[in-house]
Amino acid sequence: MEESEGHVHADECYEKTLICGYVEHSHTVECLINLEADVEDADTWIAILPELTGTLSADVVNIAYPQLGYTESTANFTVSDDDENRYGHTRYGAWYGNAYGDWDAVFAAFCLH
């Protein structure tokens, strides 16, 4: 992305966390994406998982429970081709190999795995 002349930062520019690093240009959604935010290594989130009991139903619930409150990243995301939808990074997608994909079914697979 190149700097463009004519843009002077206004208050709304400073109210956002801009990642682009350019001083003056017309900001796009890409200026807000931080591909390093909310990325965890496997050791980080595996550490919160409980010991397995050997009973499938109990183990699935026990693995799902500490995930309550986890949300997809709002800082590390991709945007659809039509710029209408944002897809946040998730640990479940990263585990599956598609960090920005729909994660509902992947979450279930994660718990069952």
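Every chain is numbered on its own, with residues counted from 1 as its sequence reads. Reporting of local features is limited, given that this is a predicted model, to residues whose pLDDT is at least 70; pairs of side-chain atoms are given and counted only at 80 or more, and all residues count toward the totals for whole chains, interfaces and linings. Remark: hydrogens and water are excluded; side-chain values derive from all non-hydrogen atoms of the structure.

With respect to the packing of aromatic side chains
And then number 1: Pairing of aromatic side chains requires ring centres within 6.5 Å, counting the rings of Phe and Tyr and the six-membered ring of Trp. Pairs whose planes differ by under 30 degrees are stacked, by over 60 edge-to-face, and all others tilted. Evaluation of the coordinates by the stated rule reveals six aromatic pairs.
And then number 2: Each ring, one from Tyr92 and one from Phe107, has its centre 5.0 Å from the other, and the planes form 75 degrees; the classification is edge-to-face. Of this pair, Tyr92 sits in helix 4 (residues 91–96) while Phe107 sits in helix 5 (residues 104–112), placing them 15 residues apart in sequence.
And then number 3: Note on Tyr92: relative accessible area 2%, which makes it buried.
And then number 4: Taking 6.5 Å as the distance between ring centres and 90 degrees as the angle between the ring planes, the aromatic pair formed by Trp103 and Phe107 counts as edge-to-face.
And then number 5: Look at Trp103 and you get partly exposed, because its relative accessible area is 28%.
And then number 6: Charges are assigned to positions over rings by a cutoff of 6 Å between ring centre and Lys NZ or Arg CZ, combined with an angular limit of 35 degrees from the ring normal. Between Arg91 and the ring centre of Tyr70, over which it is positioned, the NZ or CZ distance is 3.9 Å. Helix and strand definitions here come from DSSP, where helices need a minimum of 4 consecutive H or I residues and strands a minimum of 2 consecutive E residues; each element is numbered from the N-terminal end. Only protein chains enter the accessibility calculation, which uses a 1.4 Å probe. A residue is then buried if its area is under 20% of the maximum for its type, exposed if over 50%, and partly exposed in between.

Re the side chain of Asn76
And then number 1: Counting through the fold element by element, Asn76 comes out in the loop between helix 3 (56–64) and strand 1 (77–79).
And then number 2: A residue is classified by how much of its surface remains accessible, and Asn76, at 0% relative accessible area, is buried.
And then number 3: The contact definition used throughout considers only heavy atoms, calling two residues in contact when any of these lie within 4.5 Å. Apart from residues no more than four positions distant in its own chain, Asn76 is found in contact with Asn34, Leu35, Glu36, Ala37, Val39, Tyr87, Gly88, His89 and Tyr100.

A closer look at helix 3
And then number 1: Among the residues of helix 3, those classed as buried are Asp59, Ile63 and Ala64. Down the axis of helix 3, the smallest arc covering the buried residues is 130 degrees, so these residues share one side. The exposed set on the far side of helix 3, more than 90 degrees from its buried face, consists of Ser57 and Val61. This arc is taken over the directions from the axis of the helix to the C-beta atoms.

As for the environment of Phe110
And then number 1: One can find Phe110 in helix 5.
And then number 2: We classify Phe110 as buried; its relative accessible area is 5%.
And then number 3: Along the backbone, Phe110 and Ala64 are 46 residues apart, and their C-alpha atoms lie at a distance of 8.9 Å.
And then number 4: Once you skip the residues sitting within four places of it in the chain, Phe110 turns out to touch Trp45, Leu49, Ile63, Gln67, Tyr92 and Trp95.

Quick look at the confidence of the model for the protein chain
And then number 1: Across the chain, each position has a pLDDT score giving the predictor's confidence in that residue, from 0 to 100. With 74% of its residues at a pLDDT of 70 or more, the protein chain shows a mean pLDDT of 80.
And then number 2: Confidence, read as mean pLDDT per element, is least for helix 1 (residues 11–14) in the protein chain (64) and greatest for helix 3 (94).

Examining the nonpolar core
And then number 1: As used here, the term nonpolar core means buried Ala, Val, Leu, Ile, Met, Phe, Trp, Tyr and Cys residues forming a set that is joined through side-chain atoms within 4.5 Å. Counting residues in each nonpolar core, the largest one holds seven residues, listed as Trp45, Ile63, Ala64, Tyr92, Val106, Phe110 and Cys111.
And then number 2: Of all elements in the fold, only helix 3 and helix 5 reach the threshold of two or more residues within this core.
And then number 3: Counting residues per element, this core draws most heavily on helix 5, which supplies three residues.

Topic: the layout of surface pockets
And then number 1: Of the voids in this model, the largest pocket is the one considered here, and its volume is about 210 Å³.
And then number 2: As for the largest pocket, its lining consists of 13 residues, of which Ile63, Phe110, Cys111, Leu112 and His113 are closest to the centre.
And then number 3: Among the secondary structure elements, those contributing two or more residues to the lining of the largest pocket are helix 2 (42–46), helix 3 and helix 5.
And then number 4: Broken down by element, the lining of the largest pocket gets its largest block of residues, four residues, from helix 3.
And then number 5: Residue classes follow a fixed rule: Ala, Val, Leu, Ile, Met, Phe, Trp, Tyr, Cys and Pro count as nonpolar, while Asp, Glu, Lys and Arg count as charged, and any other residue, Gly among them, counts as polar. Taken together, the residues of the lining of the largest pocket break down into eleven nonpolar, one polar and one charged. In this analysis, the protein atoms alone were mapped onto a 1 Å grid. Cavities are point sets where a 1.4 Å probe fits without being able to get out; pockets are open sets with protein on both sides within 12 Å along at least five of seven lines; lining residues have an atom within 4 Å of a point. Grid points are joined across faces, edges and corners, and a volume is the space filled by probe spheres set on the points.

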